[in-house]
Amino acid sequence: MFGTLFQEEDTGPDGTSVDGPSSVSGQPDKRRSSNKLCGLRNQGATCYLNSLLQTLFMTRELRDAFFKLDREQLGEVEGGREEDIRKIPVELRHLFSRLLLLNTNAVSTASLTDSFGWSGSEVVQQHDVQELNRILFTALDDSLVGTAGSLLIKRLYHGELVNQVHCQACSYVSERRESFLDICVPLANAHTLESALSIQFREKESLTGANQYHCSSCDKKVDALKGAVLSQLPQILTVSLLRFQYDWQKGERYKEIGRMAFPEVLDMSPYCLSTGNNVDSRFELFSVVVHRGSAHGGHYFAYIRDSDELGAWSRPSEASTLVNAGDDMDLTECNSPHEVLTTVLSQLSKTAPSQPTTADKLSKILQQQTGMSWNKRFKPKHGPLMKFLQSNSETFFLSESGAISLRGNFTSGTNATLPTERAKPAASHVTTNSDGEITVQSPAASDEAASTATQNTADCWFNFNDTWVSPVDKDVLEGTFMGKESAYMLFYRRRNDMGSYSQQQACDAIPGHLQLEVAKENLDLDEQREAYRVAVNTIKVNVHHARDFCIRHAVAQRRTGTSCHASVDRQQGFSRLLDAMEKTPEQVSSVFVVQPCPSGLHLLQQVHSTATSLADAGLMAGSDILVFDGTEDFARSDLLFGEQHCPVEVVCRLPGNEDKSDKSTTDPQRPFSKATTVLAMVAVFCQDHDQQLPPAITVHLKNEKQQRLSLEDAAITLEQAGFTSPTSISFVTEEASSSDIPVAKVQQTITQKSVVVENYCLLGDGADRRSSPSTVGIWATKCIYLSEGITVGDIKRLAIEGDSATDGLRLREENVTLLGPPVCDARLVADLDWPDGQQLVLEAGKAPHLDEMVLQFERGRELNDGRCYEVTVHNSQTVQDCVEAMCLLSNLSGSDWHLRKLNWCDDPAEILDEPLATIESTGVRNGDTLLLLSGSPPARGCIRLSVHVPTSMDFSGSATETGAGVISWLTSTVSSALSLGRSLSGDATDTADSAEGRPSRSESSSVDSPVCAPTAEQAAVEVENAAQSGLDVATAGRSEEAVSPYTFIATVDVKRVAKVAELKESILALPAFSKLPSGELDRLRVRHLTDMQPRRIFRADDTVRSLKLVSGSNVLCELLDVAERLPTSSILLLARRRNQSTRSYGDAHEVVFNTQDGCTASELKKCIQEHFHLSAADSGIHCAKHLPDQFNWLPVLDAPPPQKTPAAGTAAKGKSKKQTSTPRKPPSLRNSPLYLQDGDTIGFKVASDERTATLKDFRTADDEMGLQRLEKIKEERRAARKARQDDGKETKARRPEVGIRIVVPQYQQAS
C-alpha cells in the first residue's frame, strides 16, 4: 500500500543533488566547513537513515555508551572469528568516531549498511524513518545481547504505559502494562502536541450499551471507562506524528499537512501516574526529523540542537555568506561555487575596489586561481556562470553595465561577526613523536582562538541534510508545524539529565584504537589533498628565448631556434619558474607572458620576481612566456605591450589587384595594434606602397559581409571597427552609390528477457522500412534472448549469426516511430535498463565508443540542402573542433560558423557560444541534433532575436490598400483563430525553422496572398488525423496552403541589459525598415511571439533581461498609425462582440485594459462598455476568454458573494445569531483560472441581445464541432489503451513493496 510512499525526490540547498560524486575526477573529499560538523553521504535514497543516524550521534547518552563498550565483548579480538564480531555496534562506533574526528565534509555509511546485510538495491529504496527507528533498535538489542550494553536501548528509550479499565459498578480497576519505544500521536482533532497527548492519556472512552465491559469482580457486563496513562518515562522520549494516512473510500494514500505545534520544553507530568517521587518529568526538545514532500515521495532531513557544543554555531545570515570565505581558503579544494565566487569577489573588492569585475574577467581569474575554467568544473552541475549569478541574486549583484559584485552585506568592511573559529576546521590534530607513535588531540584543545561572544546552546540548531550541515535559527521549527515540509518525528531529552559538556570530553570518550584509525585516515587524506593540489596546480608553459626573435612591426617574430616546455607549480613564486627553466636569477633579466598571434608574439604582462604566485602573474596551463637574458639585439621597449595593444592582422587589397587571375601576386599584410585608428592604418599602407589616400575603404568581414568606412569618419580604432585577425580591406577610389516475428532462439535464461532486432540493412536508399519486403536478404527480424553479462556487441553478433562481419554495423533503440542514438558495443545490457521485448534496429554505420557521441546536424539558412548529416566526436573535443569536423563533412569552407541546439519540438534553441568548451560540458548528448549556422555567435552579454513582421505590413509607413494596417491584419488573423482553434499561421515549427535557416512550407508562397481559412469540418478532420499520427492536436487543423501571417526578415543582436528603446533602434536599423521615417520609436510596437502567437507587448520600462528573452526568441514588429506608450499596468486585448443569431463574432477591436484600478471582472466590463460606446441600457455585459487549443470559452465571473460571519457579541448558545456580511475581495483576472495577458481574445455579449438561456453560451458552431472531434479522439485512445492492456502489451509499472530488514546473526553470551 505504501510501496512508493518514501520515494526520494529532493535536492540540496543550492538546487543540486544533496549528494553525489565530486565534480572533479579524482578529487579527494574537502575539509570540514567552519561549523565543524560532518554530514553523511546519501547512497541513493538513504536520507531517512542519515537523519536518524545524525540524531543518534548527537544523543550524548547513546554515543558515550557505545564508546564504553568492551572490544572483546563485541568480538574485536586478535585472532578471533569474523562471525563472532557484532558488526552493527562495531560499525556504529566507527561511524560516530569519524563524525567526531575525521577531517572531511561527509562520511560514508556504506560499511554500516553492509553490516545490515543490505545490497545495492536496498539503498535506493526509501522507507519510513519511524519504522527504521524501531527495527534498528531491535537489531541493536539483538546485537548487544550478553554484553554490558544489553540493556542500553531499554534504559534510554523504553518507557511503560498502563491501559486501565474502571468499572462503574464496583470501582474495580483492571490494569495491563506494556512497554513503548515511541509515542504515536494522531493529528486528528488536535493542533498542539499537548492537546493530542491529553486526548490520548487523559480522556476516557465510555464502554456502554453493546460495548459494555465484562468485569471480573462483578462477573457481568457493566458500564466502564477505558483509558491509558504513562507509568514510566524514558530518558530519551520519542514522539512519532502519524501524518501518513490511507483514505479507504478514495482508495489512495495522503499526507496530513495540518498544524501540529510542539513546545521546546514538554511537561509530561499531566499524562503520568502520580508516583510521589521527585523525578523531573520535563523534557527538552533536541531533534526534529522533517519530511518534505507528499504521500507519493519526498525527502528527510533533521533539525538538531547542538547541546554538547560539538559544532561552531553562527548566525545563518552570516554563515551562508562567510563560511569558508576567508582569504586563506583553498579554492582548488572547495566544491561549492557559491563559496568560490564569494571568496574571489571579496578579494577583488580589497585589491581593486575601483575596477569593475566583468564576467570575462571573473572567468579568467577563476581559471588562474583554481586551474580549471567554470565550464569544466561547475557548469555540468550548476549551469552557466551568468545563470548561476542571476539565480543567486541575493548574494551577487549584476549592474546594467555588466559589472559583478557582492551585495552590500557581503562586501569587505561589513560589521558582521565571523563564525566561531571559522578558519579552523573541526578535525583531530595529529602529532608523531620520535618513536613513530601517533597522538590525537581534540580540535577544541588545539584551537588557541576562542569565541568572544557566548551563545546559549539552546539556540544552537543545525540543519543536517545529508552532506550539507548548516546553522539555523530555532525559529525555523515553527515552519515545520504544518505543510508539505512538516515535522515527522520529535526527540526529547529529560531535562535533569543535561549537564556541562565539551567537545574535548566527547573526543576523550572515543576508544584509543578508534582515535588512531581516524588519525591515520586524516594523514592519508592530507597526503591525497596535497597530491591533488600539486596535480591540479602543475601547469606546462611554453618557453621562448628573446635571443631567437627579431622585431618586425613592433611584434617579436621568430628567426631561429624552437620553443621548449617547462612544468611548474602555479601557486609557487618566480624562483620556482627559474628552477623549472634551469636558470639562475643572474641569467634572466625579465620574463613576460606573451600571446601568440599570426605575426609573432605579443607581450601581455611581466612576471615580476616579487610575485607571490605565478597564478597572480597571469600564468595558466599552456601559457607562453618570453625570456630576456641580455643577449638579444633589441629592447623590450621596441615591442607593443599590454592587452590594449593586441595585434590585428590586416590584409590590404591594393587597387588593380582585386580581379587579377595571377595568384603569384600577393596582397600586402602586416599587424597593427587594435588601438590604432583606421585612418592611421590606411596611411601606413599608402606610404609603404606609394598609394594616394582613398576617400573610403571597404572592410571585408569574416561572415562575407562588407562594411564601408569613410576616412572622414575613420578616427575610430580597429577594435571599435570590428577588426579581427585576419581582416581584409580594399581601397574605394570613388564613392559608390510489426505483425508475426520469426524467432531465432539463440540463448535462453531463467529471466526470459529478450530484445527484437529489425534488420534495416535490407532497405534500399529512400525506401520506407515498413513497406519494404521482408524476403530480401536472409532475415528481417530476430528475437534475441539475453543472458547475464551480455553486451550490445554480443547482441549484434548473435543477430547476424555468420551472415556477415559485424564491422560497420551498429544498433539503435526504436521507440514507437522514433529511433534513439547509436549504442556503444561495449555497453552492458543490464546498465541500459531495457524492458523485455525492447525493439532494436540494426543498420549500417560505425558504433561509437564509450567516450564518443554521435551527433546529427543540419546546415542552416540558404545553405540548407534538406539533408541531415551525422558525425562522431569525442566527448573531450571542443565546440570549435566539432564545427570544423562538421564543415569538413558537409563541404563547407571557412571558419566563421557556429552551432545551435534544437529543443524537444525541433525548434532552434540555445547557441553554443563558447568555442573552447568541451562538447560534453555544453549539455549536448549522444544522438542530439544541432544546427550549423554561418556567422559568429552573439557577443558575450548579447542575445540574438528573430524579427518577424505581419505579412500585410506596409514598410512605407502608411496604411495598406486592404485596410488600416495592423487592424486589417489583426482582423483576418483572429477570424482564422476562431475558426480553427488557433491562428492559421502555418506550422509554428516551420516559421521558427525559417527564422534560423531551415526552409518552411510557407517560403514557397507569396507573402501578399491572403490567409486561407479552411472550414471547421476540414480543420477537425486534420485534428483527428494528427492525433492518429501521434502529433499534437493543438497544432493540427491548419491548411497546407495557409500562408503565415508573419514574415521573418532578419536577426538582431542586442545586449541583455538593453532597454526596449535600444531594441527598437536596432530593429529600425535593419535594411527592411530603411524606408520608414526615423525617430518614431513609439509607432513601432514590439511583442513576444510565444509558439508563434503574439503575446506580451514590450513596454518602455522593460529590459531584455526582465522580459526573460533568450537567443532564438521570436519578436513581432507592428507599425502603428499613431504613437503608443502603454503603461505597465495595462493589458492589450482583442475584443469581439457576439452575434447570437449567427452564433459568430464581429471584427476584432484592440482594447487597452488599464488595470490601475484593479484587474477585476467589473473593471473589464466597464472598459469594454466605454470602448464600444454601449449605452446605460446595455450595462448587462457577459465576457469570456477564448481558449483556442480547447475549442472552448472560459467565462469571466463576477466577484464571489459576501461571506456571512457571526457578529461580535452574539447571543448565548441555543439562540439565533445575527449574521454580518463581509465582502470578499474580487479575484484578479491575471491569476487563476483566467491568467489574462496581452493578446488574449475576449468575446462579450449584451444581455439585451441574448435570451436568458444563452447568456453563458459563448461557443460557435466550429467550437462545438471541434469539441466533438476531440471527444471522439479521446474515446479512440482510451479504447486502444484498453485493448493493449487486455492483450498484455501494456502494463503499468509498479514499484515492489519491500519492508526494511536488518539481518542480525545469533550471538552467544559474551565471555
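Further up the page is the structure itself.
Quick look at the structure, then. (Residues numbered from 1 in each chain as written. Predicted model: local features only at pLDDT ≥ 70, side-chain atom pairs only at ≥ 80, totals over all residues. Heavy atoms only, no water.)

## Regarding helix α5 (residues 129–143)
Defined as follows: Numbering of helices and strands starts at the N terminus; helices are DSSP runs of H or I of at least 4 residues and strands are runs of E of at least 2. Under the convention used throughout, the expected extent of a helix is 1.5 Å for every residue step, that is, one less than its residue count. Whether a residue is buried, partly exposed or exposed follows from its accessible area with a 1.4 Å probe, protein chains only, as a fraction of its type maximum: under 20%, in between, or over 50%, in that order. Whenever two N or O atoms come within 3.5 Å, that pair is a polar contact, provided that in protein one can donate a hydrogen and the other can accept it, and provided that, for residues adjacent in sequence, both atoms are side-chain atoms.
Compared with the 21 Å implied by 1.5 Å per residue over 15 residues, the 20 Å span of α5 between its first and last C-alpha is a close match. The set of residues buried in α5 consists of Val 129, Gln 130, Leu 132, Asn 133, Leu 136, Phe 137, Ala 139, Leu 140 and Ser 143. The N-terminus of α5 is capped by Asp 128, whose side-chain oxygen sits 3.2 Å from the backbone nitrogen of Gln 130.

## Structural notes on helix α27 (residues 1261–1286)
Between its first and last C-alpha atoms α27 spans 38 Å; for 26 residues at 1.5 Å apiece the expected length is 38 Å, and the two agree. Along α27, the residues classified as buried are Asp 1263, Gly 1266, Leu 1270 and Ile 1273.

## A word on the environment of Ser 754
Within the fold, Ser 754 resides in strand β35 (residues 754–759). Residue Ser 754 is classed as buried on the basis of its relative accessible area of 9%.

## Points about the pattern of salt bridges
We apply this condition: What counts as a salt bridge is simple: a side-chain nitrogen of Lys or Arg found within 4 Å of a carboxyl oxygen of Asp or Glu.
This model, assessed by the stated rule, comprises 41 salt bridges. In this structure, Arg 493 engages Glu 61 in a salt bridge whose closest nitrogen and oxygen atoms are separated by 3.0 Å. Within this pair, whereas Arg 493 is found in strand β22 (residues 485–494), its partner Glu 61 is found in helix α2 (residues 60–67), the two being separated by 432 residues in sequence. The pair Arg 493 / Glu 61 is uniform in exposure class, with both members buried. Arg 1096 serves as the salt-bridge partner of Asp 1102, at 3.8 Å between the closest nitrogen and oxygen. For Arg 1096, a relative accessible area of 39% puts it in the partly exposed group. Several salt bridges share partner residues, and in doing so they unite Arg 1085, Arg 1087, Glu 1118, Glu 1124 and Glu 1150 into one network.

## Some remarks on unusual backbone geometry
Geometrically, the link from Ser 725 to Pro 726 is a cis peptide bond, its omega value of -15° lying close to zero. Structurally, Pro 726 can be placed in the loop between β33 (706–710) and β34 (727–732). Although it is not a glycine, Ala 554 sits at a positive phi angle of roughly 65°. Of note in the backbone geometry, Phe 1191 takes a positive phi value of approximately 55° without being a glycine.

## Focus: the packing of helix α3 (residues 87–101) against helix α16 (residues 512–537)
Put simply, the test is: Simply put, an axis is a line fit to the C-alpha atoms, just over the touching stretch for a helix, and the angle between two N-to-C directions goes from 0 to 180 degrees. Relative orientations are named as follows: roughly parallel for angles under 35 degrees, roughly antiparallel for angles over 145 degrees, roughly perpendicular for angles from 65 to 115 degrees, and oblique for any other angle. What makes a crossing left-handed is the near helix being turned counterclockwise from the far one by less than a right angle; a clockwise turn instead makes it right-handed. We call two residues in contact when some of their heavy atoms are within 4.5 Å. Residue polarity follows a fixed list, in which Ala, Val, Leu, Ile, Met, Phe, Trp, Tyr, Cys and Pro are nonpolar, Asp, Glu, Lys and Arg are charged, and the others, Gly among them, are polar.
The geometry of α3 relative to α16 is characterised by a closest axis approach of 10 Å and an angle of 55° between their N-to-C directions. Overall, the two elements α3 and α16 adopt an arrangement that is oblique. With respect to the hand of their crossing, α3 and α16 are arranged in right-handed fashion. Between α3 and α16, the contacting residues are Arg 93, His 94, Ser 97, Arg 98 and Leu 101 on the first element and His 513, Leu 514, Gln 515, Glu 517, Val 518, Glu 521 and Asn 522 on the second. Broken down by class, the residue content of the contact of α3 with α16 amounts to three nonpolar, five polar and four charged.

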